[in-house]
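Read off the chains here:
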Amino acid sequence: MRHLPIVRPRHPTATQLLPQLQGILNSGQVTNNGPYVQQFEKSLTDLLGVPTIVFSSGMAAMIAMLRAVDVAGGEVICPSFTFCATPHAIVMAGATPVFADIDAETLTLDIYGVARSMTKQTRAVLGVDPYGICWEPPPLIDGGNVSVLIDSAPAFGSEIGDWHAAGRGDAQIFSFHATKPFSTMEGGALCSRDPLLIKRAQEIRNFGQSDDGDCRFVGFNGKMLEVCALIGLKQLEDWQHRVPRRVESAIRLRDALKDIPGLRVQRAPLGQSPVWLYQPVFIEPEFGRDRDSVMRELAAAGIQTRPYYRACHLLGCYVDKYTYLPVTERLSAQVISLPVYDNMADDEIAQIADAFKEIRACVS
Ligand SMILES: *Cc1c(COP(=O)(O)O)cnc(C)c1O
């Protein structure tokens, strides 16, 4: 039995990094917008076709994005079905998260839920791309001063049609954390077609300081290290080949799981090719077992899984008596995130499918 970890991170080898790493150390410029950071930003901008700047993490990029559109003192609508970093970033930017429900088919923010949650205090809608499935914000969100922002942390590599799924909304962030398909160990990026927003985010990333030394905004330290940018540049070299292999692995995994009664397998929305941070499946009543016991049995079969995403509005720091989000509450209690790797072997996929069949067979 092989052990299948929830992620199998890929990084350049020490030998591949050594000459340039030595150069960084010799130069003494290990951070503060050095040459590798600048080169990485240029390469990302060319790849995505949208101006892109990098950060120390996805969450740092998200806080800077929210601060750059000035949400402080207002409300920001976001899905509850997301990683806790999404609402936390809203709080760190000085605003209040207002949780809305998701669409059961795409798992992304439900536009009717957004419409119902709009108030005079709404400053932004922060959609999420769960597992790399892209939220496609409808053009009707307008309401005057409401910014449309996207937490695309898991979606670097996702495509809509033949397009890199970047440049949606007013601004969008990505994560390059070690658990994500494209990793700089820790890191993140923000892209936007709005030059003023980019300029503000650059200042906020550097303590709020502008070129003349003044601080027009309160900022923090969100700068990416040179060594992380170097790793990012190395990762970009074969990234375009890794994405299709990853997508293809997820397709084979879904195929292997498709005819198990009570196991609903999440698919890509029409026209999209998500990068699949994980492959979500849902344990429906017909499966005959509850989600947590299925996860335990998968672990016993060597398969590490996660109960992602959780319902953030039920976390201790956000829970209240009033917020009821039926789709989020049902799906977050049924969901299991399965591992997807760039190049999953057929026997790894068979191991997962066989485990589900065996767990189900024990029921009947
Ligand atoms: C990973 C993730 C983040 C956090 O990104 P970091 O780079 O780890 O800060 C935020 N939101 C979502 C939806 C994520 O999946």
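Quick note: structure is the one above.
Not measured: the values here are computed from a predicted model.

A.B. asks: Can you tell me about the nonpolar core, naming the residues and giving the values?
C.D. replies: Tyr-131, Leu-257, Leu-298, Leu-338, Ile-352 and Phe-356 are the most contacted members of the largest nonpolar core, which has 39 residues in total. At the level of secondary structure, the elements contributing two or more residues to this core comprise α7 (226–257), β9 (263–265), β11 (279–283), α8 (291–300), α9 (326–334), β12 (335–338) and α10 (346–361). If you tally residues by element for this core, the top one is α10, at six residues. Setting aside residues up to four positions removed in sequence, Leu-257 forms contacts with Leu-263, Val-265, Val-281, Leu-338, Ile-352, Ala-353 and Phe-356. Counting residues in hydrophobic clusters, the runner-up holds 34 residues, among them Met-62, Ala-93, Ala-153 and Ile-173.

A.B. asks: Which residues make up the site of the ligand, and what values do they have?
C.D. replies: Taken together, 14 residues sit near the ligand, with Gly-58, Met-59, Asp-151, Ser-175 and Lys-180 positioned nearest. Contacts to the ligand include Gly-58, whose backbone N or O atom sits 2.8 Å from an oxygen atom. Within the backbone of Met-59, one N or O atom sits 2.9 Å away from an oxygen atom of the ligand. Burial of the ligand by the protein amounts to 91% of the accessible area it has alone, namely 390 Å². Here the shell around the ligand is composed, by residue class, of six nonpolar, six polar and two charged.

A.B. asks: How would you summarise the side chain of Asp-101 if you had to cite specific residues and measurements?
C.D. replies: The topology assignment puts Asp-101 in the loop between β3 (96–100) and α5 (111–117). Among buried Asp, Glu, Lys and Arg side chains, Asp-101 stands out as unpaired, with Arg-116 the closest opposite charge at 6.7 Å. There is a polar contact of 3.0 Å between the side chain of Asp-101 and the backbone nitrogen of Val-327. Once you skip the residues sitting within four places of it in the chain, Asp-101 turns out to touch Leu-109, Asp-110, Leu-325, Pro-326, Val-327 and Thr-328.

A.B. asks: Pulling in residues and values, what's your account of the pairing of strand β1 (residues 52–55)?
C.D. replies: The alternating pattern of β1 places Thr-52 and Val-54 and Ile-53 and Phe-55 on opposite faces, both of which are buried. With four bridges joining them, β1 and strand β8 (residues 188–191) adopt antiparallel strand pairing. Residue Val-54 lies in a different strand from β8, and its bridge partner there is Ala-189.

A.B. asks: Describe the environment of Gln-20, listing the residues and the values that go with them.
C.D. replies: Examined against the element boundaries, Gln-20 turns out to sit in helix α1 (residues 14–27). Taking relative accessible area as the criterion, Gln-20 reaches 28% and is therefore assigned partly exposed. Along the primary structure Gln-20 and Tyr-278 are separated by 258 residues, whereas in three dimensions their C-alpha atoms are 33 Å apart. If sequence neighbours within four positions are ignored, Gln-20 has contacts with Tyr-36, Leu-230 and Lys-234.

Cut-off values and rules
- Numbering of residues begins from 1 in every chain and follows the order in which that chain's sequence is written.
- Per-residue local features of the predicted model are confined to residues with pLDDT of at least 70, and side-chain atom pairs are confined, for both listing and counting, to 80 or more; whole-chain, interface and lining totals are unaffected and use all residues.
- Note that water and hydrogens are dropped before the side-chain values are worked out from all heavy atoms of the structure.
- Take the buried residues of types Ala, Val, Leu, Ile, Met, Phe, Trp, Tyr and Cys, join any two whose side-chain atoms come within 4.5 Å, and each joined set is a nonpolar core.
- The cut-offs for exposure are 20% and 50% of the maximum accessible area for each residue type, with area from a 1.4 Å probe on protein chains only; residues under the lower value are buried, those over the upper are exposed, and the others partly exposed.
- Comment: elements are numbered from the N terminus, with helices defined as DSSP H or I runs of at least four residues and strands as E runs of at least two.
- For this analysis, residues touch if any pair of their heavy atoms sits within 4.5 Å.
- The cutoff for a nearby residue is simple: one of its non-hydrogen atoms must lie within 4 Å of the molecule or strand.
- Whenever a nitrogen or oxygen atom comes within 3.5 Å of another N or O atom, the pair is scored as a polar contact, on the condition that within protein one atom can donate a hydrogen and the other can accept it, and that pairs from neighbouring residues in sequence are kept only if both atoms are in side chains.
- The Shrake-Rupley method, run with a 1.4 Å probe sphere, supplies the accessible areas, and residue values consider only the shown protein chains as cover.
- Three categories are distinguished: nonpolar for Ala, Val, Leu, Ile, Met, Phe, Trp, Tyr, Cys and Pro, charged for Asp, Glu, Lys and Arg, and polar for the others, with Gly belonging to the last.
- Counted as positive: Lys and Arg. Counted as negative: Asp and Glu. His and the chain ends are not counted at all.
- For this analysis, a salt bridge means a side-chain nitrogen from Lys or Arg found within 4 Å of a carboxyl oxygen belonging to Asp or Glu.
- Note on pairing: DSSP must find at least two bridges between two strands before they are called paired.

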